[in-house]
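The primary structure of each chain is shown beneath.
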Amino acid sequence: MSRRLFTLFAALVPAVLLLVLATSATVPLVSMGPGPTYDTFGEAEVEAEDGGVEEVPVIEVSGREADETTGSLRMTTVAVRDRLTLADAMRFWLDPAQVVVPRDQVFPPDRSREEVRESNVAEMVGSENSAEAAAYRYLGIPMQPRVEGVDPSGPAAGLLEPGDIILAVDGVRVADTTEVVDEVSAHRPGDEVRVEYLRDGQEATTTATLASSGPEGDPDQGRLGVIVGDTPADGTDVTISVAPDVGGPSAGLILAIAIVDRLSPGEATGGADVAGSGTIQPDGTVGSIGGIRHKIRAAHEVGATEFLVPAGNCAEAVQNPPDGIRLIEVSTLTGALEALETAASGGEPPTCG
């Protein structure tokens, strides 16, 4: 081999090795950017009983006639890309729509990917329950406390079942979840408590011996071992179906507005293409979320003209937003619906800025 060829070969080997490493070895970084959006007035793909995929309404109403809707009302998400190679990280770092951050910021080192996923799913379920409660309260629909889950090792195991409506605790009539919690926690561990409930249209009574609330609760307060949520007393039922890969608490606001729109006359969006994000409490309070700038960009990319921004996110939202999308500031469900009504009538809703 000539000296020239040897020199060329010696120079190429490290370059090839670097290229292989850059395109195959992963780095402890993730990228975050605009994710998919989901129209809550449309349909979602969910797993069917036969293992396939079927399309169902995101918001499905039974027990009363649902109102028609037009326009769109989109949940927004952040796309997180993991297991990046060095080449991937450099490519996303150069993309102004993406942010590259240390992996530990998204996936804590003491938790597995599956644990993070399960946590996100649990937060999504909580968000759906809060959205329903906030929408029902806004509409003034009478509520009643329903058993949503039973601890298999708790005092109520084998006594109460999901779907039972709790009527009274130790002789005291209860009208909602808060009253159930208050009456149960007024007793000590070891106390026997009578629970009156409604199951399949039949009233019944059972007696449970309360357990301790454990180290995370007040040890002097009894625990029944059930998850209770408020449900409409008039038979109205709402089923929420979202894509299986959507998690976290930030869809609450949009889901609540969609439920209100389906259960009441008129159109919350006025037929416009609206998107947004925000957590929600059962009392209608809207909370801040993460990734607001990615979500605004995602909404803009699918043609949304209005974006509902939690008040706590406004300062970040106004940093170089895309043209053609109005950032509406909201802090409550009532305020969000009033702002949309103002926008639909040609007025000026409160905006970030």
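What counts, and where the lines are drawn
- Counting starts from 1 at the beginning of each chain's written sequence and moves along it residue by residue.
- Totals for whole chains, interfaces and linings use every residue, but because this is a predicted model, local features are given only for residues with pLDDT of at least 70 and side-chain atom pairs only at 80 or more, for both listing and counting.
- The side-chain numbers reported here are obtained from all heavy atoms of the structure, hydrogens and water having been left aside.
- Pairs of strands are assigned from DSSP output, requiring at least two bridges between the strands.
- Secondary structure elements are taken from DSSP: a helix is a run of H or I of four residues or more, a strand is a run of E of two residues or more, and numbering for both begins at the N terminus.
- Fitted lines through C-alpha atoms serve as axes, helices being fitted only where they are in contact, and the angles separating the N-to-C directions of these axes extend from 0 to 180 degrees.
- Here, the term disulfide refers to a pair of cysteine sulfur atoms separated by no more than 2.5 Å.
- Residue exposure (1.4 Å probe, protein chains only): buried if accessible area is under 20% of the type maximum, exposed if over 50%, otherwise partly exposed.
- Two N or O atoms form a polar contact when they lie within 3.5 Å of each other; inside protein one atom must be a possible hydrogen donor and the other a possible acceptor, and for residues adjacent in sequence the pair counts only when both atoms belong to side chains.
- For this analysis, residues touch if any pair of their heavy atoms sits within 4.5 Å.
- Among buried residues, those of type Ala, Val, Leu, Ile, Met, Phe, Trp, Tyr and Cys that are joined through side-chain atoms within 4.5 Å constitute a nonpolar core.
- Every residue gets a pLDDT, meaning the predictor's confidence in that residue, from 0 to 100.
- By definition here, a helix of n residues has an expected span of 1.5 Å times n minus one.
- This arc is taken over the directions from the axis of the helix to the C-beta atoms.
- Throughout, the protein atoms alone are placed on a 1 Å grid, and a set of points is a cavity if a 1.4 Å probe fits but cannot get out or a pocket if it is open with protein on both sides within 12 Å along at least five of seven lines; lining residues have an atom within 4 Å of a point.
- Grid points are joined across faces, edges and corners, and a volume is the space filled by probe spheres set on the points.
- Each residue gets one label: Ala, Val, Leu, Ile, Met, Phe, Trp, Tyr, Cys and Pro are nonpolar, Asp, Glu, Lys and Arg are charged, and the others, such as Gly, are polar.
- Counted as salt bridges are all cases of a side-chain nitrogen of Lys or Arg within 4 Å of a carboxyl oxygen of Asp or Glu.

### Describing the sheet that holds strand β6 (residues 99-102)
Taken in spatial order, the 6 strands make up an open sheet running β6-β1-β5-β16-β19-β20, and their pairing is mixed. Here the strands that pair on one side only, and so sit at the sheet edges, are β6 and β20 (326-330). Going from strand to strand, the sheet's axes swing by 35° on average, the running direction of each strand aside. Pairing of strand β16 (residues 273-276) with strand β19 (residues 306-310), which is carried by 3 bridges, proceeds in the parallel orientation.

### A word on unusual backbone geometry
Despite not being glycine, Asp-200 shows a phi value in the positive range, around 55°. Tracing the chain through its elements places Asp-200 in the loop between β10 (192-199) and β11 (202-209). Even without a glycine there, the phi angle at Asn-320 is positive, about 55°. Its location among the elements puts Asn-320 in the loop between α7 (314-317) and β20.

### Thoughts on the state of the cysteines
Counted by the stated rule, this structure contains 1 disulfide. Each sulfur in the disulfide pair Cys-314 and Cys-352 lies 1.8 Å from the other. One quick way to see it: the torsion about the S-S bond of Cys-314 and Cys-352 is about -55°, and its sign makes the bridge left-handed. In this pair, Cys-314 is assigned in helix α7 and Cys-352 in the segment after α8 (333-344), connecting sequence segments 38 residues apart. Assigned by exposure class, Cys-314 and Cys-352 land together as buried.

### Digging into the environment of Arg-223
The topology assignment puts Arg-223 in strand β13 (residues 222-223). On the basis of relative accessibility, which here comes to 29%, the residue Arg-223 falls in the partly exposed class. For the pair Arg-223 and Gly-63, spaced 160 residues apart in the sequence, the C-alpha separation amounts to 33 Å. Only 3.3 Å separates the side chain of Arg-223 from the side chain of Asp-151, close enough to count as a polar contact.

### With respect to the pairing of strand β1 (residues 29-39)
For a regular strand, side-chain orientation follows a simple rule: the groups alternate between the two sheet faces. Taken together, the 4 bridges between β1 and β6 define a ladder with antiparallel strand orientation. By the bridge assignment for β6, Val-30 is matched with Val-101. Looking at chain direction, β1 and strand β5 (residues 72-81) are connected through 7 bridges and run antiparallel. Bridge pairing links Thr-37 to Thr-76 in β5.

### Considering the side chain of Ser-130
Tracing the chain through its elements places Ser-130 in helix α3 (residues 113-139). Ignoring any residue separated from it by four or fewer positions in sequence, one finds Ser-130 in contact with Ile-280, Gln-281 and Pro-282.

### Topic: the nonpolar core
Counting residues in hydrophobic clusters, the biggest one holds 40 residues, and the most contacted among them are Ile-257, Leu-308 and Leu-333. Counting only elements with at least two residues in this core, the list comes to β4 (59-62), β5, α3, β15 (237-240), α5 (252-263), β20 and α8. No other element matches α5, which puts 9 residues into this core. When near neighbours in sequence (up to four residues on either side) are disregarded, Ile-257 contacts Leu-73, Ala-268, Leu-308, Leu-333, Ala-336, Leu-337 and Leu-340.

### Observations regarding the confidence of the model for the protein chain
Averaged over all residues, the pLDDT of the protein chain equals 86, while 91% of them reach at least 70. Scored below 50 in pLDDT, residues 15-23 shows 6 contacts in the model against residues more than four places distant or in partner chains.

### Quick look at α8
Taking 1.5 Å per residue as the helical rise, α8 with its 12 residues ought to reach 16 Å, and the 17 Å between its terminal C-alpha atoms agrees with that figure. Taken as a whole, α8 has its buried residues at Leu-333, Ala-336, Leu-337, Ala-339, Leu-340 and Ala-343. One side of α8 carries all its buried residues, which in axial view fall inside an arc of 160°. Where α8 terminates, the next one or two residues include Gly-346, which has phi positive at roughly 90°.

### A word on the layout of surface pockets
Here the second largest pocket defines a volume of roughly 550 Å³. What lines the second largest pocket is a set of 21 residues, and nearest its centre among them are Asn-129, Ala-133, Thr-177, Gly-229 and Asp-230. Those elements that place two or more of their residues in the lining of the second largest pocket are α3, β7 (143-150), α4 (177-185), β14 (226-232) and β15. Top contributing element to the lining of the second largest pocket by residue count: α3, with 6 residues. Taken together, the residues of the lining of the second largest pocket break down into 8 nonpolar, 6 polar and 7 charged.

### What about the pattern of salt bridges?
Applying the stated criterion to the full structure yields 9 salt bridges. Across the salt bridge formed by Glu-148 and Arg-146, the nearest N and O atoms sit 3.1 Å from each other. When its relative accessible area of 36% is taken as the criterion, Glu-148 is described as partly exposed. The shortest N-O distance in the salt bridge between Arg-173 and Glu-196 comes to 3.6 Å. Taken as a pair, Arg-173 in strand β9 (residues 172-173) and Glu-196 in strand β10 lie far apart in primary sequence, 23 residues in all. According to the relative accessible area criterion, Arg-173 is exposed, its value standing at 53%.

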